[in-house]
Amino acid sequence: MTSSEQRLAAIRGDVAPRRHNARTIAALTGNPGCTRRAVLDGAGVDKPRLAERIGFPARFGQSRFAITRGNAFEAQVKADGGADLLRLVAERLGVEPGDRAEWTDLDGGADLPDRHARSRELLTAAVPTGSDQPAALFDHPLLGLDIAGTRVNLEPDLVAARLAGRFHVVEVKSFPVIDGQADPAKVSAAAIQSAVYVLALRDLLADAGHDPELVSHEVVLVCPRDFTNQPVASLVDVRKQLLVLRRQLARTARLDDLLAAVPQDFTADVTADPATLIDALSKVAARYAPECLAACELAYYCRHEARGHTGALGRPVREALGGVATVAEVLALADGERAPEPEQTEAAALLRAAARLRADALGVPA
């Protein structure tokens, strides 16, 4: 083990590292400036257990009903060798589907190394070489991606090859598209998760000596239409998500730099005393924002910790009030009770103007 690996193992304690999946990798991009999260994820800390241990359990996740509904919809879409799915995808890409596609089920009972090898072999063999090749659909191929030195297994719903001359990641989601519109937050989450699969598939092709750009940056999202189970396909451009994802993975790979700012005795061992864990967490900088509540298991603790700080009010507020750390400082500057520091001059002027406007609106003296 390298010194960094030893340090990360010491942070984790006598607990096996928690493995990432596409959802947790996607969540890494939600708050790239948070050192606390980068260190905990790099060490493979079980954040749900850690949150429970310190008394702030996570309150999000998929319900059993949602999982069952999603599995049923996916099975419906993929029925009959993916005939309807091929038609949907081809129609959305503006190409003729041709005859039935070559369907390969890679979600078998083989062990992980065999599934990886078979997925790699079949996907690289499906690289387009001519216009007369039939489409190929790969159900649940097993891909891989390196996260902070650890190989992570990834399993997209489907990969469509040789359609419009490229590979397309296909994700099947059970949230509805109503009157042509879907929940923006759910679409955003699906886009960043799909970008993880695009990146992994591009890495696979590049390692085999093929052009990674053969994997399209447009992923196909299949959802129920309106309030029925009738599937509808949409194209989602994930170029922006790919850029964010690459930046955050590069940052996670530079854990040596992050660890330099972490106290030597820092621990996130979920078997440790809660008071010890809370004291340790307080010594590693977090970057809480309300959006964390939907993506990070430690968000409720970080929100409690950030109470009274401008960061708890959201990123726009924190950025507009750069250099003003607490709500108490904000109120003092707005009331003129405190002279601003040089770096707070602009923010103080904005606060005083806002205070005057509020006083005028309420008809009270400023």
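The paragraphs below set out a description of the structure included in this document. (Residues numbered from 1 in each chain as written. Predicted model: local features only at pLDDT ≥ 70, side-chain atom pairs only at ≥ 80, totals over all residues. Heavy atoms only, no water.)

Our next topic: the overall build of the chain. Within the chain one finds 15 helices and eight strands. Over its C-alpha atoms, taken along the principal directions, the chain stretches across nearly 75 × 55 × 40 Å. Within the chain, the proportion of its 366 residues that are buried is 46%. Pairs at least 24 residues apart make up 62% of the contacts formed inside the chain by residues separated by at least 6 positions. (Helix = DSSP H or I, 4+ residues; strand = E, 2+ residues; numbered from the N terminus. Buried < 20%, exposed > 50% of the residue type's maximum accessible area, 1.4 Å probe, protein only. Contact = heavy atoms within 4.5 Å.)

Per the counting criterion, the structure on display carries zero disulfides. Free of any disulfide, Cys-302 has its nearest cysteine sulfur in Cys-34, 6.1 Å distant. (Disulfide = S-S within 2.5 Å.)

Before going further, it helps to spend a moment on the sheet that holds strand β6 (residues 166-172). Strand order in the open sheet formed by six strands is β1-β2-β5-β6-β7-β8, and the pairing between neighbours is mixed. The open sheet has two free edges, formed respectively by β1 (102-105) and β8 (231-237), since each of these has just one partner strand. Each strand axis lies, on average, 25° off the axis of its neighbour in the sheet, ignoring direction. Of the pairings in the sheet, the one linking β1 to strand β2 (residues 136-139) comprises four bridges and is parallel in character. Directly across from Trp-103, in β2, lies its bridge partner Leu-137. Strand contacts of helix α5 (residues 64-77): β6, β7 (218-224) and β8, with the helix running at about 110° to β7, the strand carrying the most contacts. Most of the contacts of helix α7 (residues 112-125) go to β1, to which it runs at about 165°, and overall it touches β1, β2, β5 (158-163) and β6. (Pairing = 2+ DSSP bridges. Axes fitted to C-alpha atoms, helices over the stretch in contact; angles between N-to-C directions.)

Now for the environment of Leu-298. By the element assignment, Leu-298 lies in the loop between α11 (274-281) and α12 (299-305). Expressed as a C-alpha distance, the spacing of Leu-298 and Leu-321, which sit 23 residues apart in the sequence, is 25 Å.

For the structure on display, the rule yields one aromatic pair. With 5.6 Å between their ring centres and 65° between their planes, Phe-56 and Tyr-301 make a pair best called edge-to-face. Residue Phe-56 is found in the loop between α4 (47-53) and α5, and its partner Tyr-301 is found in helix α12; the two are separated by 245 residues along the sequence. Note on Tyr-301: relative accessible area 4%, which makes it buried. (Phe/Tyr/Trp six-rings, centres within 6.5 Å; stacked < 30°, edge-to-face > 60°.)

For the pair α7 and helix α8 (residues 184-207), the least separation of the axes is 10 Å and the interaxial angle reads 75°. Taken together, the axes of α7 and α8 lie roughly perpendicular to each other. On the side of α7, the interface is formed by Arg-120, Leu-123 and Thr-124, while α8 contributes Leu-201, Leu-204, Leu-205 and Asp-207. Split into classes, the residues belonging to the contact of α7 with α8 amount to four nonpolar, one polar and two charged. (Parallel < 35°, antiparallel > 145°, perpendicular 65-115°, else oblique. Nonpolar A, V, L, I, M, F, W, Y, C, P; charged D, E, K, R; others polar.)

What follows deals with the nonpolar core. Across soluble globular proteins, you tend to see nonpolar side chains buried next to one another. Residues Leu-154 and Phe-167 are the most contacted members of the largest nonpolar core, which totals 44 residues. A total of twelve residues in this core trace back to one element, the largest contributor, which is α8. Residues in contact with Phe-167, not counting those within four places in the same chain, are Leu-123, Ala-126, Val-127, Pro-128, Val-159, Ala-160, Ala-161, Leu-201, Leu-205, Leu-214, Val-215 and Ser-216. Counting 32 residues, the second-largest nonpolar core is a separate cluster that includes Val-15, Ala-268, Cys-302 and Ala-306. (Core = buried A, V, L, I, M, F, W, Y, C linked by side-chain atoms within 4.5 Å.)

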